[in-house]
Amino acid sequence: MGRIRRLSDELINQIAAGEVVERPASVVKELAENAVDAGATTVRVLLSEGGLSAIAVIDDGHGMSREDAILSLERHATSKLRDKDGLFQIRTKGFRGEAIPSIASVSRFTMITSEADALVATKISIEGGGAPVVEDAPPPGGTRIDVVDLFFNVPARRKFLKRESTELTHCEEALTRLALAHPEVGFFLEHGGRLLISSPATPQRPRERIAALLGSEVEPHLLEIDERRLGVHVHGFIASPEFTLPTARGLYTFVNRRYVRDRGVNSAVQRSFQDSLPPGRQPVCAIFIDVDPESVDVNVHPQKLEVRFSDPRTTQDALAAAVSRALKAAPWRQDPSMPVGDALNAHYAQAVDRFLSRANELSGLPFDPQAPPSVMDQPMRASFGTARPGINEAPPPGYFSQLKYLGELGKRFWVCEGPGGSLVVLDPRAVRERIVLDSLRARFREGALREAPQTLFRATLTTPDAKAILAAQDRLAGWGVEVEAFGGETLALTRVPPELEATEVASWLPLVAAAPDDDAALSELAFAAGAAPLRAVTHDEIRKLLAQLDDADFSARARRAAVVVSDVPLLDLEAQADRG
Ligand SMILES: Nc1ncnc2c1ncn2[C@@H]1O[C@H](COP(=O)(O)OP(=O)(O)OP(=O)(O)O)[C@@H](O)[C@H]1O
Ligand SMILES: [Mg+2]
């Protein structure tokens, strides 16, 4: 007897599922794509436990007859492809006829479907690719597919799945990609009863679709692109360089309305943004490339996430031209003959001047116009959109190191150029307080405050609180403060954390001694350190302090919590400048 044997259909389907169905999000993608292909106007996705325990996809598309429904479970059975030539005429999402049999082979699968006028629908149930059970059911007005216990019969696969929240994010992302490409269809995603994506059809207003999916804060930053050349039509939206992300997650590109991750396409977009974006930042965009289906092979990737262009250069050139043109015509760019950076900075410099003189009038303090170095020769800096750290809130990673210190305002504030040319005002006392707090807390945790070596510091203090302070002697020592009785109401301080050596001891010692717990005591100490008179600091020292801030733990409560007093985006400054 020969060694070679034919695999069973069940096994063949499971092998195919290994490529097509990687995780719950793959099921969401395949079923929602089928719904769109079926002409649905609304697609509803219900998930439970991130799709790990159950996924339902419900559509109001054209549905299937009983005969088709049974056939759809067979491998290589499709209504979307007839012959070889058809492979280069694909306008649907699917064409291989393998998604449904693959999914049904690795889950408990139920499909209920009927055509428009049918009086009864077909219900088909399959457990892990076994024999289908066919029944009558009431018509659902389209198709409903339930996928329960994905990979229940492939434990090795199940092990590779991530936490519920991670799988949920992937599911949301899968639906977002499809929804961006199909504003004419309404998409809804519900998880454990909560509506996470709610995007009714907006066929005439694609901007709204982007806002609904990527966040309404991106909407005002969107620039439209539209470029046709040599049979390639590039259209869609890019966010202005004011609105960027640290990863390429916001870079959505589509070929003939199919989401793709194409290296050539991505790098063409990134190249066009290059001069406008700071290092390490990525653009946010939804770009649609429409080409003749004959000029692109969509059958090169198991999940159809990649395509092959017959002429990649033309596509990339059209793409680069579309993006560059939109960036050049952007409303914040007044003089098209100037390179982006200079145009921005000229306006920026004017706006900063106005801001500083206005702030100066308000505070009544003298202002030295020599102080800020020219911003004209500064390259553009990283941007994170309009996000800015709030009170006691961690800033986006790397926020402070990106700031370029310009000068001091009213001997009270630090003025910096922020990401994308925004005007950032910092409170140096809060800066110092935050850094000291972070360091004190770290040293306290290691017991290093109590163990700190003696310094030459000595101070005496006469206070009616002397007794109470002495009663807290041991706790104080744990926070790095050593006090001894010096007779009467006088105390001798023999040690304080070095950051507090220049402070007014009387202003904080009673408060620290009375602090209810360690956190409160350390926060009083840091507050006092922050309030110490400012000494002149060099640009270099400021740079180091800003870098330290990026490493600081912002979850600890500081009393003077607003490190960033103000962060005005360049666009707002320009709007003010234009108002006159
Ligand atoms: N929601 C639906 N409404 C109507 N018909 C559907 C639906 N889902 C699937 N079908 C029918 O079942 C067929 C098989 O679906 P399946 O997803 O397995 O393959 P496909 O979409 O043709 O190709 P691919 O495997 O590339 O997705 C489809 O060609 C379509 O005719
Ligand atoms: Mg399909």
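Residues numbered from 1 in each chain as written. Chains lettered and ligands numbered in written order. Predicted model: local features only at pLDDT ≥ 70, side-chain atom pairs only at ≥ 80, totals over all residues. Heavy atoms only, no water.

A. Summary view of the packing of helix α6 (residues 164–181) against helix α7 (residues 206–214). Axis separation between α6 and α7 bottoms out at 9 Å; the angle between their running directions is 170°. As the angle between them shows, α6 and α7 are arranged roughly antiparallel. Of the residues in α7, those in contact with Thr-176, Ala-179 and Leu-180 of α6 are Arg-209, Ile-210, Leu-213 and Leu-214. Each residue belonging to the contact of α6 with α7 can be placed in one class, and the counts come to 5 nonpolar, 1 polar and 1 charged. (Axes fitted to C-alpha atoms, helices over the stretch in contact; angles between N-to-C directions. Helix = DSSP H or I, 4+ residues; strand = E, 2+ residues; numbered from the N terminus. Parallel < 35°, antiparallel > 145°, perpendicular 65-115°, else oblique. Contact = heavy atoms within 4.5 Å. Nonpolar A, V, L, I, M, F, W, Y, C, P; charged D, E, K, R; others polar.)

B. Geometry of helix α11 (residues 428–445). The terminal C-alpha atoms of α11, which comprises 18 residues, lie 26 Å apart, in line with the 26 Å expected from a rise of 1.5 Å per residue. Of the surrounding elements, those touching the buried residues of α11 are β19 (413–417), β20 (423–426), α12 (448–451), α16 (518–531) and α17 (539–551). Measuring from the backbone nitrogen of Arg-429 back to the side-chain oxygen at the start of α11 gives 3.0 Å, which picks out Asp-427 as the cap. Backbone geometry just downstream of α11 places Gly-447 in the positive-phi region, at approximately 75°. (Expected span 1.5 Å × (residues − 1). Polar contact = N/O pair within 3.5 Å; in protein donor to acceptor, adjacent residues only side chain to side chain.)

C. Spatial organisation of the confidence of the model for the protein chain. Residues of the protein chain with pLDDT of at least 70 account for 88%, and the chain-wide mean is 83. With pLDDT under 50 throughout, residues 333–392 is counted as low confidence; its partners more than four residues away or in other chains account for 115 contacts. (pLDDT = per-residue confidence, 0-100.)

D. How the structure looks around unusual backbone geometry. A positive phi is found at Asp-149, a non-glycine position, where the angle reads about 50°. Within the secondary structure, Asp-149 sits in the loop between β6 (143–148) and α5 (155–159). According to the relative accessible area criterion, Asp-149 is partly exposed, its value standing at 26%. Positioned with a positive phi, Arg-257 is a non-glycine residue whose angle comes to about 65°. One can find Arg-257 in the loop between β12 (251–255) and β13 (258–260). Overall, the relative accessible area of 34% leaves Arg-257 in the partly exposed class. (Buried < 20%, exposed > 50% of the residue type's maximum accessible area, 1.4 Å probe, protein only.)

E. Molecular detail of the sheet that holds strand β22 (residues 482–485). Taken in spatial order, the 3 strands of this open sheet run β21-β23-β22, and their pairing is antiparallel. This sheet does not close on itself; its edge strands, each paired only once, are β21 (459–462) and β22. Shown here is a sheet whose adjacent strand axes are inclined to one another by a mean of 30°, direction ignored. Sheet strands in contact with helix α15 (residues 505–513) are β21, β22 and β23 (490–495), and its direction is about 90° off that of β23. (Pairing = 2+ DSSP bridges.)

F. Quick look at a nonpolar patch on the surface. On the surface, a nonpolar cluster with roughly 270 Å² of combined accessible area is contributed by Leu-7, Leu-11 and Ile-15. With respect to the helices and strands, Leu-7 occurs in the segment before α1 (9–20). (Patch = residues over 30% accessible without salt bridge, like charges linked within 9 Å, V, L, I, M, F, W, Y side chains within 5 Å. Areas by Shrake-Rupley, 256 points an atom, 1.4 Å probe, with all protein chains shown as cover. Salt bridge = Lys/Arg side-chain N within 4 Å of Asp/Glu carboxyl O.)

G. Region of the structure containing the packing of aromatic side chains. Within this structure, the stated rule accounts for 5 aromatic pairs. Seen in terms of ring centroids, Phe-254 and Tyr-259 are 5.8 Å apart; in terms of plane orientation they differ by 75°. Their pairing is edge-to-face. Across this residue pair, the class does not change: Phe-254 and Tyr-259 are buried. Taken together, the ring pairs in this structure connect Tyr-252, Phe-254, Tyr-259 and Phe-288 into an aromatic cluster. For the cation-ring pair, Arg-108 lies above Phe-152, with the distance from its terminal atom to the ring centre recorded as 3.9 Å. (Phe/Tyr/Trp six-rings, centres within 6.5 Å; stacked < 30°, edge-to-face > 60°. Lys NZ or Arg CZ within 6 Å of the ring centre and 35° of its normal.)

H. Representation of the site of ligand 1 in the model. Taken together, the neighbourhood of ligand 1 is formed by 22 residues, with Asn-34, Thr-78, Ser-79, Lys-80 and Lys-304 sitting nearest. Between an oxygen atom of ligand 1 and a main-chain N or O atom of Arg-96, the distance comes to 2.9 Å. For ligand 1, the accessible surface in isolation is 590 Å², of which the surrounding protein chains cover 95%. Ranked by the residues each element gives to the shell around ligand 1, the list is headed by helix α4 (residues 99–105), at 3 residues. When the residues that make up the shell around ligand 1 are grouped by side-chain class, the tally is 7 nonpolar, 9 polar and 6 charged. (Near = heavy atom within 4 Å.)

I. Main features of the pattern of salt bridges. Counted by the stated rule, this structure contains 25 salt bridges. In this structure, the salt-bridge partner of Glu-482 is Arg-495, at a minimum N-O distance of 2.6 Å. One end of the pair, Glu-482, is in strand β22; the other, Arg-495, is in strand β23, and 13 residues separate them in sequence. Among the ionic contacts, a cluster of salt bridges with common partners joins Lys-29, Glu-30 and Glu-33.

J. Here's a closer look at the nonpolar core. Val-43, Phe-109 and Val-147 are the most contacted members of the largest nonpolar core, which has 59 residues in total. Built from parts of two domains, this core gets at least three residues from each of domain 1 (9–202) and domain 2 (207–328). With sequence-adjacent residues up to four places away left out, Phe-109 is seen in contact with Leu-73, Ile-100, Ile-103, Ala-104, Ile-124, Ser-125, Ile-126, Ile-145, Asp-146 and Val-147. If you look at the next biggest cluster of nonpolar residues, it comprises 32 residues, including Leu-461, Leu-493, Ala-515 and Ala-521. (Core = buried A, V, L, I, M, F, W, Y, C linked by side-chain atoms within 4.5 Å. Domains from an automatic or database assignment.)

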